[in-house]
Amino acid sequence: MKKTVFLTLLLLFTFLTINAQSTASKQVSTFKIEAPQLETHKTIWVYTPKSYHTSEKTYPVIYMFDAQNLFDAKTSYVGEWKIDEYLDTLKDKEAIIIGIEHGNDKRLEELTPYPHEKYGGGKGDTFMQFIMHTIKPHIDITYRTKPEAQHTAIFGSSLGGLMAFYATIKYPSTFSKAGILSPAFWINTGIYDLVSVAEIPETSKFFFLSGDKESETMVPNQEKMVALLLKKGVRSEHIQNKIIEGGEHNEALWSSNFPEVFQWLMTSNIKN
């Protein structure tokens, strides 16, 4: 698949809506918050575990991009991830999920750390400042979280996968774990240069996942990044590199594999 077609698929859902009934669990709520870094307001989705309101426990937190597609068929593009349905079944490894909505036609701008010579973008770091300095402090004050980096993960797919990886490399004192699904490394190849000079903590964990039917560059780019991390000294047991046979660039791929990514990253007792 040519890159122009791939980009069209990446951005198509920002212009479409689906007439569907809400499927969000009662554990999911939303709120709006000012995003001064982005000069707008953002809708934030929050999933709290079933045990949250009947215990005094504190919980790890996962920040996720593209909140419209995570919990609710009514707001998603061609299907949701069904994260809440899965998490509602858990008795352990519970977590608070924070979904951050994309800015529709500003999605490419928000979720690329560097500008592309043809497609533009490049305000991903500003978006990360919003997450770290506006959203995260609010969440840590409002909810019973484990705020330390060792208990904080970030997930995303496509452009969100690119940004989840970028966040974990650039800001390891905030994010120690990344769920990197179908990462759009091709649009920001400068990410390889960032990794080449970065100091990556021994505790950082990375779960890469893509399908072999996504694009001609998806799997090779993912393999290239995994090889670079290993060369940098990241231990193999801190990396998962999964290629799904027949997997395509869509919500079905990410939804069906979310449980495995979640379980592996939430198992934090790896010896250092």
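Each remark here, short or long, concerns the structure printed above.
Residues numbered from 1 in each chain as written. Predicted model: local features only at pLDDT ≥ 70, side-chain atom pairs only at ≥ 80, totals over all residues. Heavy atoms only, no water.

Caption draft 1: Summary view of the overall build of the protein chain. Broken down by element type, the protein chain carries eight helices and eight strands. For 272 residues, the compact-globule estimate of 2.2 N^0.38 gives 19 Å, and the C-alpha radius of gyration of the protein chain, at 17 Å, lies within 12% of that figure. Expressed along its principal axes, the backbone C-alpha trace of the protein chain runs to roughly 50 × 50 × 40 Å. Pairs at least 24 apart in sequence give 75% of the contacts found in the protein chain among residues at least 6 apart. Accessible area for the protein chain stands at about 12100 Å²; split by element, carbon and sulfur atoms hold 51% of it. Averaging the locations of the 28 positively and 31 negatively charged side chains of the protein chain gives two centres separated by 3 Å. (Helix = DSSP H or I, 4+ residues; strand = E, 2+ residues; numbered from the N terminus. Rg over C-alpha atoms; globule rule 2.2 N^0.38 Å. Contact = heavy atoms within 4.5 Å. Areas by Shrake-Rupley, 256 points an atom, 1.4 Å probe, with all protein chains shown as cover. Lys, Arg positive; Asp, Glu negative; His and termini not counted. Charge placed at Lys NZ, Arg CZ, Asp CG, Glu CD.)

Caption draft 2: Region of interest: helix α6 (residues 190-197). Among the residues making up α6, those that are buried are Ile 191, Tyr 192, Leu 194 and Val 195. Considered in projection along α6, the buried side chains sweep an arc of 155° and stay on one side of the axis. In α6, the exposed positions angled more than 90 degrees off the buried face are occupied by Asp 193 and Val 197. Packing partners of the buried residues in α6 comprise α5 (159-170) and α7 (218-231). (Buried < 20%, exposed > 50% of the residue type's maximum accessible area, 1.4 Å probe, protein only. Arc of directions from axis to C-beta.)

Caption draft 3: Representation of the pairing of strand β2 (residues 40-47). Of all eight residues in β2, six are buried; the element is thus mostly enclosed. In terms of strand pairing, strand β1 (residues 28-35) meets β2 through eight bridges, oriented antiparallel. Bridge assignment links Ala 35 to a residue of β2, and that residue is Thr 40. The loop that links β1 with its antiparallel partner β2 comprises four residues; one of these, Glu 39, has a positive phi angle of about 55°. Pairing geometry for β2 and strand β4 (residues 96-100), over four bridges, is antiparallel. Within β4, the position partnered with Val 46 by the bridge is Ile 98. (Pairing = 2+ DSSP bridges.)

Caption draft 4: Looking closely at the environment of Thr 126. Relative to the helices and strands, Thr 126 is located in helix α4 (residues 124-142). For Thr 126, a relative accessible area of 30% puts it in the partly exposed group. Considered as a pair, Thr 126 and Glu 110 are 16 residues apart in the sequence and their alpha carbons are 7.7 Å apart.

Caption draft 5: Geometry of the pattern of salt bridges. The final tally for this structure, using the stated rule, is nine salt bridges. Between Asp 66 and Arg 107 there is a salt bridge, with its nearest N and O atoms 2.8 Å apart. In this pair, Asp 66 sits in the loop between β3 (61-65) and α2 (83-87) while Arg 107 sits in helix α3 (residues 107-110), placing the two residues 41 residues apart along the sequence. Of the residues examined, Arg 107 reaches a relative accessible area of 1% and is grouped as buried. Between Lys 136 and Asp 140 there is a salt bridge, and its shortest N-O distance comes to 2.8 Å. Of this pair, Lys 136 and Asp 140 both sit in helix α4, separated by four residues, roughly a single helical turn. Taking the relative accessible area as the measure of exposure, Lys 136 reaches 9% and is therefore buried. (Salt bridge = Lys/Arg side-chain N within 4 Å of Asp/Glu carboxyl O.)

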